[in-house]
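Residue strings, one per chain:
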Amino acid sequence: MITLENITKGYLKYKQEYVALQDINLKVDKGEFLCIVGPSGCGKTTLLRMIAGLDFPTSGQIMENETEISGPSRERGYVFQQYSLFPWRNVLDNVAFGLEVQGLADEERYQKARKYLKMVGLSSFEKSSPQELSGGMKQRVAIARCLVNDPQVLLMDEPFSALDVQTRHKLQKELVHIWRKEQKTIIFVTHNVDEAVFLADRVVVLSSAPGTIIKTFNIELDRIRDRTSHEFLNLKKEITRLLDVEP
Ligand SMILES: Nc1ncnc2c1ncn2[C@@H]1O[C@H](COP(=O)(O)OP(=O)(O)OP(=O)(O)O)[C@@H](O)[C@H]1O
Ligand SMILES: [Mg+2]
């Protein structure tokens with residue numbers, strides 16, 4: 001349902017054309033969990049921002065179903081690389097933000113927001129301000145804030161990268177449960193191979209700049225995945241090796 005055709009993205013850097021991404025061809029199916037891995041600076045955020053409609057390719061086309069993506073849409077929710085809650089709003093009002101923009105009345109807005117806060121396990125924190133939350137809790141709120149708009153596609157940019165391993169693993173499991181329950185399409189960017197193999201139906205490996213697709217891996221292991229299984233470790237090894245030969 002999301003198609004990238006011959007995407008190249010250049011920026012002007014120090015008055016010179018800098019190619020961040022080159023010849024990206026990718027199809028993401030409805031309901032698929034796709035992970036994109038690659039070294040820092042290879043263009044992962046750039047790619048996600050273009051799918052979100054926040055930036056545009058220099059050449060090539062990005063389509064959502066039959067339509068070229070021309071700007072942001074409620075159908076494509078974005079979870080940012082950095083914590084991005086509104087510090088002056090409490091948790092509930094952070095989650096309800098998108099619905100407020102849509103003009104929903106208080107009652108309906110809060111009812112929906114509470115449903116998603118419950119889903120991410122934060123019902124008892126609705127009156128807290130973001131400053132009172134841990135990093136993992138903040139990211140849970142960010143995910144609830146995204147889900148409340150009921151987007152078909154979730155675009156997630158390293159949402160767990162600032163978390164400790166235990167919290168990260170916990171949120172990965174929660175995300176898999178949410179993805180199954182809500183039947184969303186997820187495009188998830190990470191530089192963490194373990195995370196990608198744990199989450200994805202398919203892992204796309206990007207090279208360092210200019211980012212190109214080196215290889216894609218279909219991950220056919222049952223969920224919730226066992227990180228200690230041979231298959232899991234072998235896939236991790238293979239992808240890591242591929243990234244390690246990168247400069
Ligand atoms: N607005 C911009 N103007 C100029 N150059 C940019 C801009 N945005 C990104 N770039 C450049 O494009 C390249 C890719 O950046 P991007 O943020 O997409 O990388 P990334 O893979 O997300 O990295 P990280 O893993 O560190 O988050 C970098 O060299 C960056 O400097
Ligand atoms: Mg990035």
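Okay, so let's go over this structure. This is a predicted model, so every value here is computed, not measured.

### Comments concerning the coordination of the magnesium ion (ligand 2)
Item 1. Taken together, T45 (OG1) and Q81 (OE1) make up the full set of protein donors to the magnesium ion (ligand 2), lying 2.0 to 2.6 Å away. Within this pair, whereas T45 is found in helix α1 (residues 44–52), its partner Q81 is found in the loop between β6 (76–79) and α2 (91–95), the two being separated by 36 residues in sequence.

### Comments concerning the sheet that holds strand β1 (residues 2–13)
Item 1. The four strands are arranged β2-β1-β4-β5 in an open sheet whose pairing can be described as antiparallel. Whereas interior strands pair on both sides, the edge strands pair on one side only; in this sheet they are β2 (16–28) and β5 (67–68).
Item 2. Set on the sheet, α1 makes contact with β1, β2 and β4 (59–64); between it and β1 the angle comes to about 120°.

### Describing the pattern of salt bridges
Item 1. A complete count under the given rule lists 15 salt bridges for this structure.
Item 2. Of the charged contacts, one joins R227 and D194 as a salt bridge, the two residues approaching to 2.2 Å between their closest N and O atoms. Here D194 lies in helix α7 (residues 193–199) and R227 lies in the loop between β10 (213–218) and α8 (230–244), a separation of 33 residues in the sequence.
Item 3. Among the salt bridges present, the one from D201 reaches R223, with a minimum N-O distance of 2.9 Å. Note that D201 is positioned in the loop between α7 and β9 (202–206) and R223 in the loop between β10 and α8, a separation of 22 residues in sequence.
Item 4. Of the residues examined, R223 reaches a relative accessible area of 18% and is grouped as buried.
Item 5. A single salt-bridge network, built from bridges that share partners, covers R114, E126 and K127.

So, how was this worked out
- Residues numbered from 1 in each chain as written.
- Chains lettered and ligands numbered in written order.
- Predicted model: local features only at pLDDT ≥ 70, side-chain atom pairs only at ≥ 80, totals over all residues.
- Heavy atoms only, no water.
- Donors = N, O, S within 2.8 Å, 3.2 Å for Na, K, Ca; no water.
- Helix = DSSP H or I, 4+ residues; strand = E, 2+ residues; numbered from the N terminus.
- Pairing = 2+ DSSP bridges.
- Contact = heavy atoms within 4.5 Å.
- Axes fitted to C-alpha atoms, helices over the stretch in contact; angles between N-to-C directions.
- Salt bridge = Lys/Arg side-chain N within 4 Å of Asp/Glu carboxyl O.
- Buried < 20%, exposed > 50% of the residue type's maximum accessible area, 1.4 Å probe, protein only.

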